[in-house]
Amino acid sequence: MDPRGFCRQSRLVIVAGKGGVGKTTVTAALARLAARLGLSVLIVEVEGKSGLAAAFGADDLTYDESVLCPATAEGWAEVRARTITPDVALLEYLEEHGLKRISRRLMRSGAVDVVATATPGIKDILVLGKVKQLERAGVADLIVLDAPASGHAVRFLMSPRALLDTVDVGPIEAQATEVLDLVTDPARCQVMLVTLPEETPVNEVVETAYALEDQVGTNLGPVVVNGLYPVREGLDVDPEQAAAAADFGLRPGEATALAAAAAFRSRRQELQREQVARLADALALPQLHLPALFDVTMGLPQIDHLADALCAGVEALEDMT
Amino acid sequence: MAGAPEPPEKVLTGLVAERGVVVCCGPGGVGKTTVAAAIALEGARRGRRSVVVTIDPARRLADALGLESLSDTPSVIAGPWPGELWALMLDTKSTFDSLVTKYASDDRQAEAILGNRFYRNISGALSGTQEYMAMEKLYELHDEGRFDLIVVDTPPSRNALDFVDASRRLTRLLDNKIFRLLMLPTRASMKAVNVAGQTLLRPVARVVGAEVVTDAVTFFQAFEGMEEGFRQRAHRVDALLSAPSTAFVVVATPRPDVVAEADFFATKLGDAGIAVAALVVNRMHPRYGAEWAEVDRERARTLVDTPLGPLYDNLADLHQLADGEEAHVADLIARVAPAPAIRVPMLATDVHDLSGLADLGTRMFPGPPS
């Protein structure tokens, strides 16, 4: 499939997955891929974490948009980013709905706390409502939303339905309806799930995928399997015999180290194959594979390396209709 | 001369042998539940009566611990250890329900609260409630006095301090001004809501609908008289968390994004005046051989046409990985110092039975119980 077409399938891509699977890294790689294809990209971060900015070597994100990564070549675009936190989104929402005069008083008095408690998902709706506003305004060709860690992710995307069960009048209902329209429209939004080739993360991504499809009705894009060891062949060799054949003198203890390292790698590669196959059996979604990075630091070269891998994976995908 | 610092594993063993409460916290997906269970198991191996309170464990681990469903009471796990090992999979809602029942003045008050939609929202999926109930369960088990060692696994939090702050959250809600405003009329007369309250609530009702507001008002009215009990209990939970017999263990893995989150976590704990007793860095890549990664890579290049080439390349790959991980965790380790860092190697498979847990235990607590 054409990578540019892939990045333009929907204006909003929500990257979701359990904590520790590299969701933020995938967000960065996808955004950079789109930017290198000349598309304007905005990353939205909702948890106030600093990992994303750090990966690009940029300052911490704020509610105001900033450039995370400039266009580094002719014809490429820049990657912009911002945060949307519930509190600021709420304040903005109140002000836009004619409550400017009393919005701060409402916050201070704790009335908002009470209402937020009374209405599950209202904070998530406000965040998603703001994202929807950006999507409608066409602020970028592609908006990549780094979703809260799953568990939270399902709840986050469930929020419009949950809210519509509780609230049946008022602007918040309208907001929830519009957000639900957004997250269930494949032409506007898709969810890209991220996992690792390990047992528990695979189980969890399968559960999340079913929950999102059945309970929310979102359109799921390919699953990203992150952190795959590049496969090394030729590890099933006895180091001492190989050394003798090559007429190479091993240092004391080296044969053991080489054999143990080879056994470790082979076992991990085997486990990884099993988990990838298991994921394919359990979820009828195409997979995109990203390599484990052996580098010490995370920076633009590493993000570009992952964007390359993502690009190759997308090219290998069959056209989706 | 001051003695050399104790080896990290010895400090962790000391916690298991001496402390009454161990709270395992850190980002999601790092193996917190497994680490918490391994700590409780080690307690049992050392002759203590230990219990682990888990939150949403992976299914196979739950099965291994004999946890079929959410529960309010711990179940015992039989095994060849001198102490006792118990486990409990937290049922947030029923823990909250029993707390309400405990502090309600009569059945009618309890029923009014338990049936209220606002209450069901708080006790159900509301973020922060799980943390609150985990701490509540911890306090309850501590209060019963039947365990020497209580290990709590904390939910993966959006906010690092959710679980420390959890018990204060409800009291803050009860303390807030609007609640007081709402309560005034019920004391004076039976009129629904007084004028001052209405001024604030009318615009809120315009945004979210009047029903939500009515639910909240009814809840606060039903809750009247119970807030003092809740508040006192919250203070006692706070006191337990800051008691010297309670230890906080931060769990992380050496992935850059996880380390960044754990670092934020440790900083927040420090800001709140909570000392980290130990850091467990889970799933570290093992190191093989004593050379530098570059040396091995160079050898692979020289030996590229022999079967030794891939073996050296692999050795260099793993070296590089281990070096990278060490670099990623360096700042975090410095942040929690003088608390020790216990490095736990990546195991061949996920832990999903007791022997896997015991295997993990031997990495965390080398040597026989003394």
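Residues numbered from 1 in each chain as written. Chains lettered and ligands numbered in written order. Predicted model: local features only at pLDDT ≥ 70, side-chain atom pairs only at ≥ 80, totals over all residues. Heavy atoms only, no water.

(A) Here's a closer look at the sheet that holds strand β4 (residues 84-89) of chain B. All names here are of chain B. A sheet is described by the order of its strands in space; here eight strands give the open sequence β3-β4-β2-β5-β1-β6-β7-β8, paired in mixed fashion. This sheet does not close on itself; its edge strands, each paired only once, are β3 (75-76) and β8 (341-345). Inspection of the sheet shows strand β1 (residues 21-25) paired to strand β5 (residues 149-153) by four bridges, in the parallel sense. Bridge pairing in β5 places Val 22 opposite Val 151. Relative to strand β7 (residues 276-284), helix α1 (residues 8-18) is tilted by about 120°, and along the sheet it contacts β5, β6 (246-252), β7 and β8. (Pairing = 2+ DSSP bridges. Helix = DSSP H or I, 4+ residues; strand = E, 2+ residues; numbered from the N terminus. Contact = heavy atoms within 4.5 Å. Axes fitted to C-alpha atoms, helices over the stretch in contact; angles between N-to-C directions.)

(B) Focus on the packing of helix α4 (residues 86-96) of chain A against helix α7 (residues 122-137) of chain A. Residue and element names in this part refer to chain A. Direction vectors running N to C along α4 and α7 enclose 70°, while the axes themselves pass 9 Å from each other. As the angle between them shows, α4 and α7 are arranged roughly perpendicular. Contact with α4, carried on its side by Pro 86, Asp 87, Ala 89, Leu 90, Glu 92, Tyr 93 and Glu 96, involves Lys 123, Leu 126, Val 127, Lys 130 and Gln 133 of α7 and no other residues of that element. Residues that form the contact of α4 with α7 fall into these classes: six nonpolar, one polar and five charged. (Parallel < 35°, antiparallel > 145°, perpendicular 65-115°, else oblique. Nonpolar A, V, L, I, M, F, W, Y, C, P; charged D, E, K, R; others polar.)

(C) Layout of the packing of aromatic side chains. Residue and element names in this part refer to chain B. Scanning the model with the defined rule gives six aromatic pairs over all chains in all. With 5.3 Å between their ring centres and 80° between their planes, Phe 96 and Tyr 119 make a pair best called edge-to-face. Here Tyr 119 lies in helix α6 (residues 117-123) and Phe 96 lies in helix α4 (residues 92-103), a separation of 23 residues in the sequence. Of the residues examined, Phe 96 reaches a relative accessible area of 2% and is grouped as buried. Take Tyr 119: its relative accessible area is 1%, and that puts it in the buried class. Here Tyr 103 and Phe 230 contribute two aromatic rings whose centre-to-centre distance is 5.6 Å and whose plane-to-plane angle is 50°, an arrangement assigned as tilted. A residue pair is termed long-range when its members are at least 10 positions apart, and Tyr 103 in helix α4 and Phe 230 in helix α12 (residues 227-241) qualify at 127 residues. Residue Phe 230 is classed as buried on the basis of its relative accessible area of 1%. (Phe/Tyr/Trp six-rings, centres within 6.5 Å; stacked < 30°, edge-to-face > 60°. Buried < 20%, exposed > 50% of the residue type's maximum accessible area, 1.4 Å probe, protein only.)

(D) How the structure looks around the side chain of Thr54(B). Residue and element names in this part refer to chain B. Locating Thr 54 in the fold gives a position in strand β2 (residues 49-54). Overall, Thr 54 belongs to the buried group, its relative accessible area being 0%. Ignoring sequence-local partners within four residues, the contact set of Thr 54 consists of Thr 33, Leu 67, Leu 88, Met 89, Leu 90 and Asp 153.

(E) Geometry of the pairing of β7(B). Residue and element names in this part refer to chain B. With eight of its nine residues buried, β7 lies for the most part within the structure. Looking at chain direction, β6 and β7 are connected through five bridges and run parallel. Looking at the pairing, Val 251 lines up with Val 280 of β7. On the question of chirality, the crossover connecting β6 to the parallel β7 by way of helix α13 (residues 256-271) is right-handed. Bridge count for β7 against β8 is four bridges, and the pairing is parallel. Bridge assignment links Val 280 to a residue of β8, and that residue is Ile 342. (Right-handed = clockwise from strand over helix to strand, strands pointing away.)

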